[in-house]
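Read off the chains here:
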Amino acid sequence: MAASQCPKVRLWRWRRNPLRRPGDLAEAWVLLTAWLLALVGGLIAGVVTARAIEELADRQRAEVREVSAVLVEDAENRGPARVAPDHRVWVTVRWTVPGGPAHEDQARVPYGTRAGSTVPLWTDGAGRITSEPLSPAESRLHGLAGGALAASGLGATVLGAAWVLRLRMEQRRLAQWDEEWERIDTRRGGKTG
């Protein structure tokens, strides 16, 4: 037996139809609104997040400076028998910020570096050791990744909420159908089921 050749009716909730209920039109509006909010809101959230991440990286680059520090002691492995995976160990270093006092702190330097050697460090405005700032290319990549996550997160949240709302609407519609079938069945004097 051949499959039915009924054409699929697209956008049936938007067309005038005597069988269309107000809930069908409301469901269509919910879906349309959810998709528009997910797309436009996700795009806006992604762009705003990407810009914020890049501005934060630019601010960090402006606030930190590279200084040369002198090792106070040899960079030997004093801890467990194993060397760290990046072959760096913690040692005491000393540096001076231009126009400021001398500083001394612990920093990670390559294993085997001798006392008196100079190593580059990054410091903040207060002279504390900080991590190296992101390069412009790295900050752009972080911005793109953060923007994509924000956009997809907002889109998924909006579409998930619309899905839950649509399930509620469908439960309500099924309950209404159940009531109508009950009314029709009792008019004839019988009970279905």
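Here the structure is shown first, and the text comes after it.
Scoring rules and cut-offs
Per chain, the residues get numbers from 1 upward, laid out in the order the sequence is written. Confidence filtering applies because this is a predicted model: local features only for residues at pLDDT of at least 70, side-chain atom pairs given and counted only at 80 or more, and all residues used for totals across whole chains, interfaces and linings. By convention in this description, side-chain values take in all heavy atoms of the structure and omit both hydrogens and water. A run of H or I in DSSP becomes a helix once it reaches four residues, and a run of E becomes a strand once it reaches two; helices and strands are each numbered from the N terminus. Only protein chains enter the calculation, and the probe is 1.4 Å; a residue is then buried if its accessible area is under 20% of its type maximum, exposed if over 50%, and partly exposed in between. Two residues form a contact once any of their heavy atoms are found within 4.5 Å. The protein chains shown are the only cover counted for residues, whose accessible areas, like all others here, come from Shrake-Rupley with a 1.4 Å probe. Buried Ala, Val, Leu, Ile, Met, Phe, Trp, Tyr and Cys residues form a nonpolar core when they are joined through side-chain atoms within 4.5 Å. What qualifies as a polar contact is a pair of N or O atoms within 3.5 Å, subject to a donor-acceptor requirement within protein and to the restriction that residues adjacent in sequence count only when both atoms come from side chains. Strands pair, by our definition, only if DSSP identifies at least two bridges between them.

Q: Help me get a handle on the overall build of the protein chain, residues and values and all.
A: Across its full length, the protein chain carries two helices and five strands. In the protein chain, the succession of α and β elements from N to C terminus is α-β-β-β-β-β-α. Split into buried and exposed, the 193 residues of the protein chain put 22% on the buried side. Across the protein chain, every contact between residues at least 6 apart in sequence was considered, and the portion connecting residues at least 24 apart equals 58%. Carbon and sulfur atoms provide 59% of the accessible area of the protein chain, an area that totals close to 14200 Å².

Q: How would you summarise the nonpolar core if you had to cite specific residues and measurements?
A: In this structure, Leu71, Val91, Val93, Trp95, Val109 and Leu121 are the most contacted members of the largest nonpolar core, which totals 13 residues. Ranked by residue count, the leading element in this core is strand β2 (residues 88-96), at four residues. Each residue touching Val109, except ones within four places of it in the same chain, is listed here: Leu71, Ala75, His87, Arg88, Val89, Val91, Val93 and Val119. With six residues, the next largest nonpolar core counts Val30, Ala34, Val158 and Met169 among its residues.

Q: Account for the environment of Glu138, with residues named and values stated.
A: Within the secondary structure layout, Glu138 lies in helix α2 (residues 136-187). Overall, the relative accessible area of 39% leaves Glu138 in the partly exposed class. When the C-alpha atoms of Glu138 and Ala57 are compared, they prove to be 9.1 Å apart, with 81 residues separating the residues in sequence. Engagement of the side chain of Glu138 in a polar contact is seen with the backbone nitrogen of Ser135, the distance being 2.9 Å.

Q: Explain the sheet that holds strand β1 (residues 65-71) to me, using residue names and the numbers behind them.
A: Strand order in this open sheet of five strands is β3-β2-β1-β4-β5, and the pairing throughout is antiparallel. Since the sheet does not close on itself, it has two edges, and those belong to β3 (102-110) and β5 (129-130), each with one partner. The pairing of β2 with β3 spans nine bridges and is antiparallel. By the bridge assignment, Trp95 is partnered in β3 with His103.

Q: Could you give an account of the environment of Ala62, naming the residues involved and the relevant values?
A: Within the secondary structure layout, Ala62 lies in helix α1 (residues 22-63). Look at Ala62 and you get exposed, because its relative accessible area is 68%. Separated by 71 residues in the primary sequence, Ala62 and Pro133 place their C-alpha atoms 9.1 Å from one another.

Nothing here speaks to function; it is all geometry.
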